[in-house]
Amino acid sequence: MSRPLLKSIFLIFLLGIFASFINGCQTHGNLGNMTPNITDPGARVINKSVRVVRGSGGINTRWPNWYENLSDADLEAALFAGLKNSGIFSAVTREGETDLDVSAIILSQRSVQDNSRLETRNTLKVGYIFVDRKSGKAIWRETIETEFGSRALLAHTRYREACEGGAHENLSAFIKALSENWPETL
């Protein structure tokens, strides 16, 4: 092989590695980063069992085209883990007979990237609903909107951290709202 051809191949190889480094790997959200770990011994306990079900009708868009936003499935998994960790309900499950069903639907999510400051901010708006399984009626609704930012060096990492952090903040606010606002009569 000629020397100029080897240099070209080497340059293409380096550009490929550089592009992979800048964009990172495309992965779904990390459940551990999205799940709040709220274990307040003084927190209110709701003497009801709850089943986490997947919400329908939420948005699952991609922004920009090569990055994935948080999906309803990711949010459902984080909601289940967050409620289980919180100890706020007597039981949390994904199957079986329970007093209540809870679901979360992503109403909107928006990410804004500021490359001059190496920052990405994610705003997440989620609708939560509890349904009494016996009557089939909605008994408690809450819409939570939160924002979270990341200043990681790599753009993909910033975006992923902003999405995961947005879910974490949203679920934390939801669990706090449950503890503070759940009606005594239910």
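> How do you make sense of the overall build of the protein when you look at a structure like this?
Along the protein, the regular secondary structure elements total four helices and five strands. Counted from the first residue to the last, the protein has its helices and strands arranged as α-α-β-α-β-β-β-β-α. Excluding contacts between residues fewer than 6 apart, the proportion of contacts in the protein whose partners are at least 24 apart in sequence is 72%.

> How should the side chain of Glu119 be read in this particular structure?
When you line up the elements, Glu119 lands in strand 4 (residues 119–132). With relative accessibility at 10%, the residue Glu119 sits in the buried group. At 3.3 Å, the side chain of Glu119 forms a polar contact with the side chain of Arg117. Ignoring any residue separated from it by four or fewer positions in sequence, one finds Glu119 in contact with Val112, Gln113, Asp114, Ser150, Arg151 and Arg158.

> Would you mind going over the pairing of strand 5 (residues 138–150) with me for this structure?
Each regular strand displays side chains that alternate between the two surfaces of the sheet. Two strands pair when backbone bridges link them, and strand 4 and strand 5 are joined in this way by 12 bridges, in the antiparallel orientation. Each residue of the ladder has a partner; that of Thr123, found in strand 5, is Glu147. Counted along the chain from strand 4 to the antiparallel partner strand 5, the turn is five residues long, and its residue Gly136 has a positive phi close to 75°.

> How should I be thinking about the nonpolar core in this particular structure?
One broad trend across soluble globular proteins is that nonpolar side chains are buried collectively. One finds Leu79, Leu83, Phe89, Phe130, Phe174 and Leu178 to be the most contacted residues of the largest nonpolar core, which totals 30 residues. Broken down by secondary-structure element, the contributors of at least two residues to this core are strand 1 (46–52), helix 3 (72–86), strand 2 (89–93), strand 3 (100–114), strand 4, strand 5 and helix 4 (155–181). For this core, the element with the highest residue contribution is helix 4, accounting for six residues. Those residues within four positions of Phe174 in sequence are excluded, and the remaining contacts are Leu79, Leu83, Val102, Tyr128, Phe130, Trp140 and Ile144.

> Any chance you could explain the sheet that holds strand 2 here in plain terms?
The strands making up a sheet are joined through hydrogen bonds of the backbone, oriented either antiparallel or parallel. Spatially, the five strands line up as an open sheet ordered 2-1-3-4-5, and their pairing is mixed. Each of the sheet's edge strands pairs with one partner strand only, and the pair in question is strand 2 and strand 5. Neighbouring strand axes in the sheet, compared pairwise and without regard to direction, differ in orientation by 25° on average. Relative to strand 3, strand 1 runs parallel, the two being bridged by three bridges. Along strand 3, the bridge assignment pairs Val50 with Leu100. Along the sheet, helix 3 contacts strand 1, strand 2, strand 3 and strand 4; its crossing angle with strand 3, the most-contacted strand, is approximately 120°. Strand contacts of helix 4: strand 1, strand 2, strand 3, strand 4 and strand 5, with the helix running at about 145° to strand 5, the strand carrying the most contacts.

> Looking at this model, I keep getting lost on the confidence of the model for the protein. Mind explaining?
Low-pLDDT portions of the prediction should not be read for the details of their coordinates. A residue-level look at the protein finds 81% of positions with pLDDT of 70 or above and a mean pLDDT of 81. Contacts from residues 20–27, a stretch scored under 50 in pLDDT, to residues over four places away or in other chains number 13 contacts. A low-confidence stretch, residues 62–66 stays under pLDDT 50, and its non-local contacts, those more than four residues away or across chains, total 10 contacts.

> So what exactly am I meant to see when it comes to the packing of aromatic side chains here?
Throughout the structure, instances matching the rule amount to eight aromatic pairs. Measuring from centroid to centroid gives 6.0 Å for Phe89 and Trp182, while their planes differ by 90°, and the two rings are edge-to-face. Placement of Phe89 in strand 2 and of Trp182 in the segment after helix 4 is noted, with a sequence separation of 93 residues between them. A relative accessible area of 6% means that Phe89 is categorised as buried. Take Trp182: its relative accessible area is 3%, and that puts it in the buried class. Look at Trp140 and Phe174: their rings are 6.2 Å apart centre to centre, the planes differ by 45°, and that puts the pair in the tilted class.

> Honestly, the pattern of salt bridges in this entry has me stumped. Any pointers?
Any two side chains of opposite charge can pair, on the condition that their charged atoms come close. Under the criterion given, the structure shown has eight salt bridges. Here Asp101 makes a salt bridge to Arg133, at a shortest N to O gap of 3.4 Å. In this pair, Asp101 is assigned in strand 3 and Arg133 in the loop between strand 4 and strand 5, connecting sequence segments 32 residues apart. In this structure, Glu119 engages Arg121 in a salt bridge whose closest nitrogen and oxygen atoms are separated by 3.1 Å. Shared partners join several salt bridges into a network, and the residues in it are Arg117, Glu119, Arg121 and Glu147.

What counts, and where the lines are drawn
- Residues numbered from 1 in each chain as written.
- Predicted model: local features only at pLDDT ≥ 70, side-chain atom pairs only at ≥ 80, totals over all residues.
- Heavy atoms only, no water.
- Helix = DSSP H or I, 4+ residues; strand = E, 2+ residues; numbered from the N terminus.
- Contact = heavy atoms within 4.5 Å.
- Buried < 20%, exposed > 50% of the residue type's maximum accessible area, 1.4 Å probe, protein only.
- Polar contact = N/O pair within 3.5 Å; in protein donor to acceptor, adjacent residues only side chain to side chain.
- Pairing = 2+ DSSP bridges.
- Core = buried A, V, L, I, M, F, W, Y, C linked by side-chain atoms within 4.5 Å.
- Axes fitted to C-alpha atoms, helices over the stretch in contact; angles between N-to-C directions.
- pLDDT = per-residue confidence, 0-100.
- Phe/Tyr/Trp six-rings, centres within 6.5 Å; stacked < 30°, edge-to-face > 60°.
- Salt bridge = Lys/Arg side-chain N within 4 Å of Asp/Glu carboxyl O.

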